[in-house]
Amino acid sequence: MTIRDTASKPASGDETANPAAPDARPGCPFVGGVAYDPLDHEQILDPYPWLAAAQREAPVFYMPEYDEWCVTRHSDVLEVLKDTATFSSRRVVAPRHLPRLEERLPNGHPMNGGLVNTDPPEHTRLRKLAQRAFTPKMVASYEPATRELARSLTDAFAEDGRVNLVESFTRHRTGKTITMVIGAPPAKADDFQTWSDNNLTTLVDAPPLSDEREQEMIEEVVGFNNWLLDFIEDRRDSPREDFASLLVHARADDGEPSLTTFEVVRILTNVVTAGVDTTSSLIALLVHHLLEERELWERLLSDRSSVPRAVEEFMRYGSPVHSIRRDVLADTRIGDVAIPSGSTLNLSFAAAQRDPSVFEDPDSFDLDRSDLDRHFAWGKWRHFCLGAPLARMEAKVAVEELLDRFPTLRLAPGAGPEALENRAGAFLTGLELEW
């Protein structure tokens, strides 16, 4: 592995050079002559060789193409997550600057704010309200419908002998589950899938858009926002037993609404985007790995009790979310590297979950791992994933139903996972399987 310098070194004898200055920034790792780039197609699906190389020789390095510092060590990522005074979550999800969209949405992009993009005490206030829909009791109440949905979807392609698992199963399941949780009409599930993709496409983590695609995105994002506004007003007038009604009718101690309409829009948008693409990709990537290492699939066929542990180990080993962003609010140091105020951090969960100083044989998928409790792929502390219990349940049910229905399931020859171009992680659009 080699490390790319981002500028020339200081002149000989210059011992006072600012370690945060460009001439001292550790550069991106190279593997096989190829530089680390989280938007590279190969690296979207398998960034681990590059991240392991960086972890050995430049655990905090600068990515000039994105003007971000990548943090790879388990201990360093944990410290950043814990210190909300120095490292802000205000741009975890960062929409790109699209003037034509901003003109249409005077309150801002619906992916701004919400639970993901806030710090305490604002985050504490919002989370206290939103977490009521994801208690163990509530998640357990969703499981029978989720299992029945899985069975009805597999019925539709069981005789075909081949399926795109993402298109025909995982995205439909997660889209329909989120509509159920929110209380939206079941017919909106397909729209939720499209809207989730659109929201990801309009973020700075995605590649630039053509003018035509940008205009298409604008129309769809505005359409989603307007539909949510109408849906919220309907729940204001006619509350039901669903997440949207809970948010709309939450009251502060003085009897006033706890959330503004746009705060409700932001929370629901966060839940839709995280609940569709992320969970769908988790299921598909897990199934892909179980079939790739066939002995794992065979073990689960004979021992269904290991399925929850397989879900948890895969979150450590190959979570679809590879990184999250933090803004640096004060001059600081991470390891041996000085980071100036105003910088942006890219916290590499993908690297941290395979840190050899924490996890034994980290590049192996081990159902009997004794150190699994040290992973934090669902987040940590204040920003622990609100929907983690729901995603765990959905993944468990999906794998169990596929094991039961298709014990001879296998990867289609020559077909591998297909993913959106997004440097935050591997959000799958396709996975061809046969039986």
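Preceding block: the structure.
Residues numbered from 1 in each chain as written. Predicted model: local features only at pLDDT ≥ 70, side-chain atom pairs only at ≥ 80, totals over all residues. Heavy atoms only, no water.

## A short note on the side chain of Ser 343
Here Ser 343 lies in the loop between strand S10 (337–339) and strand S11 (344–348). Polar contacts involving the side chain of Ser 343 include one to the main-chain carbonyl oxygen of Pro 340, which spans 2.8 Å. (Helix = DSSP H or I, 4+ residues; strand = E, 2+ residues; numbered from the N terminus. Polar contact = N/O pair within 3.5 Å; in protein donor to acceptor, adjacent residues only side chain to side chain.)

## Topic: the packing of aromatic side chains
The geometry of an aromatic ring pair is captured by the separation of the ring centres together with the interplanar angle, meaning the angle of the planes. A complete count under the given rule lists 16 aromatic pairs for this structure. Here Phe 157 and Phe 169 contribute two aromatic rings whose centre-to-centre distance is 6.4 Å and whose plane-to-plane angle is 85°, an arrangement assigned as edge-to-face. Taken as a pair, Phe 157 in helix H6 (residues 136–157) and Phe 169 in helix H7 (residues 165–182) lie far apart in primary sequence, twelve residues in all. Considered together, Phe 157 and Phe 169 belong to a single accessibility category, that of buried residues. Taken together, the aromatic side chains of Phe 192, Trp 195, Phe 224, Trp 227 and Phe 231 make up a single cluster linked through ring pairs. It is Arg 316 that lies over the ring of Phe 359; its NZ or CZ is 5.4 Å from the centre. For the cation-ring pair, Arg 354 lies above Tyr 317, with the distance from its terminal atom to the ring centre recorded as 4.0 Å. (Phe/Tyr/Trp six-rings, centres within 6.5 Å; stacked < 30°, edge-to-face > 60°. Buried < 20%, exposed > 50% of the residue type's maximum accessible area, 1.4 Å probe, protein only. Lys NZ or Arg CZ within 6 Å of the ring centre and 35° of its normal.)

## Things to note about the sheet that holds strand S15 (residues 432–434)
One open sheet holds the three strands; their spatial order is S7-S15-S12, and the pairing between them is antiparallel. A strand with exactly one partner marks an edge of an open sheet, and here the two such strands are strand S7 (162–164) and strand S12 (410–411). Relative to S15, S12 runs antiparallel, the two sharing two bridges. Of the residues in S15, the one forming a bridge with Leu 411 is Leu 433. (Pairing = 2+ DSSP bridges.)

## Digging into the layout of surface pockets
The space that makes up the largest pocket amounts to roughly 290 Å³. Along the walls of the largest pocket sit 16 residues, with Leu 45, Tyr 48, Leu 285, His 288 and Tyr 317 positioned nearest its centre. Mapped onto the lining of the largest pocket, the elements with two or more residues apiece are helix H11 (261–292) and helix H13 (307–318). The element contributing the most residues to the lining of the largest pocket is H11, with four residues. Split by residue class, the lining of the largest pocket holds seven nonpolar, five polar and four charged. (1 Å grid on protein atoms, 1.4 Å probe; cavity = no way out; pocket = protein on both sides within 12 Å on 5 of 7 lines; lining within 4 Å. Points joined across faces, edges and corners; volume = space filled by probe spheres on them. Nonpolar A, V, L, I, M, F, W, Y, C, P; charged D, E, K, R; others polar.)

## Focus on the pattern of salt bridges
Using the criterion set out here, one finds 31 salt bridges in the structure. In this structure, Asp 363 engages Arg 354 in a salt bridge whose closest nitrogen and oxygen atoms are separated by 3.2 Å. By relative accessible area, Asp 363 is classed as partly exposed at 46%. Note on Arg 354: relative accessible area 11%, which makes it buried. Salt bridges sharing common partners tie together Glu 143, Arg 147, Arg 151, Lys 396, Glu 400 and Glu 401. (Salt bridge = Lys/Arg side-chain N within 4 Å of Asp/Glu carboxyl O.)

## Section: the environment of Asp 327
Locating Asp 327 in the fold gives a position in strand S8 (residues 323–328). Those residues within four positions of Asp 327 in sequence are excluded, and the remaining contacts are Thr 86, Phe 87, Ser 88, Arg 90, Arg 91, Ser 343 and Thr 344. A distance of 3.0 Å separates a polar atom in the side chain of Asp 327 from a polar atom in the side chain of Arg 90. One polar contact links Asp 327 to Arg 91, side chain to side chain, over a distance of 2.9 Å. (Contact = heavy atoms within 4.5 Å.)

## Here we look at H7
One turn of an α-helix holds 3.6 residues; hence residues three or four places apart share an orientation. An ideal rise of 1.5 Å per residue puts 26 Å on 18 residues; H7 measures up with 24 Å between its terminal C-alpha atoms. Where H7 bends most, at Arg 171, the angle is about 30°. Burial analysis of H7 places 13 of its 18 residues in the buried class, which makes it a mostly covered element. (Expected span 1.5 Å × (residues − 1). Bend = angle between axes of the 7 residues up to and from the residue.)

## Comments concerning the nonpolar core
Grouped together as the largest cluster of nonpolar side chains are 45 residues, with contacts concentrated most on Phe 169, Val 287, Leu 300, Phe 365, Val 399 and Leu 433. Only H6, H7, H11, helix H12 (294–302), H13 and helix H15 (388–405) provide two or more residues apiece to this core. Among the elements that line this core, the one with the most residues is H11, at eight residues. Non-local contacts of Val 287, meaning those with residues more than four positions away in its chain, are made with Leu 165, Val 399, Leu 402, Leu 409 and Leu 433. (Core = buried A, V, L, I, M, F, W, Y, C linked by side-chain atoms within 4.5 Å.)

## What about empty space enclosed by the protein?
Across all of its chains, the model carries three cavities of 30 Å³ or more by this definition. The computed volume of the second largest cavity comes to approximately 90 Å³. Taken together, 13 residues form the lining of the second largest cavity, with Tyr 36, Pro 38, Pro 47, His 322 and Arg 423 sitting closest to its centre. Listing elements by their share of the lining of the second largest cavity, those giving two or more residues are helix H1 (41–45) and S11. In terms of residue class, the lining of the second largest cavity is built from five nonpolar, seven polar and one charged.

## Describing the environment of Ala 284
Its location among the elements puts Ala 284 in helix H11. Considering only alpha carbons, one finds Ala 284 and Leu 165, 119 residues apart in sequence, at a separation of 6.9 Å. Excluding its chain neighbours within four sequence positions, the residues that come into contact with Ala 284 are Leu 165, Val 166, Thr 170, Leu 428 and Leu 431.

## Observations concerning unusual backbone geometry
With a phi angle near 55°, Asp 67 is a residue other than glycine that sits in the positive phi range. In this structure, Asp 361 takes a positive phi of about 45° despite not being glycine. Inspection of the secondary structure assignment puts Asp 361 in the loop between helix H14 (349–352) and H15.

## A word on the packing of helix H8 (residues 189–201) against helix H9 (residues 211–237)
It is the contact of H8 with H9, at a shortest axis distance of 10 Å, that shows an interaxial angle of 125°. As far as their axial angle goes, H9 and H8 are oblique. Seen from above, H8 lies across H9 with left-handed handedness. Across from Phe 192, Thr 194, Trp 195, Asn 198, Asn 199 and Thr 201 in H8, the residues of H9 making contact are Arg 213, Met 217, Glu 220, Val 221, Phe 224 and Trp 227. Looking at the contact of H8 with H9 residue by residue, the classes come out as six nonpolar, four polar and two charged. (Axes fitted to C-alpha atoms, helices over the stretch in contact; angles between N-to-C directions. Parallel < 35°, antiparallel > 145°, perpendicular 65-115°, else oblique. Left-handed = near helix turned anticlockwise from the far one by under 90°.)

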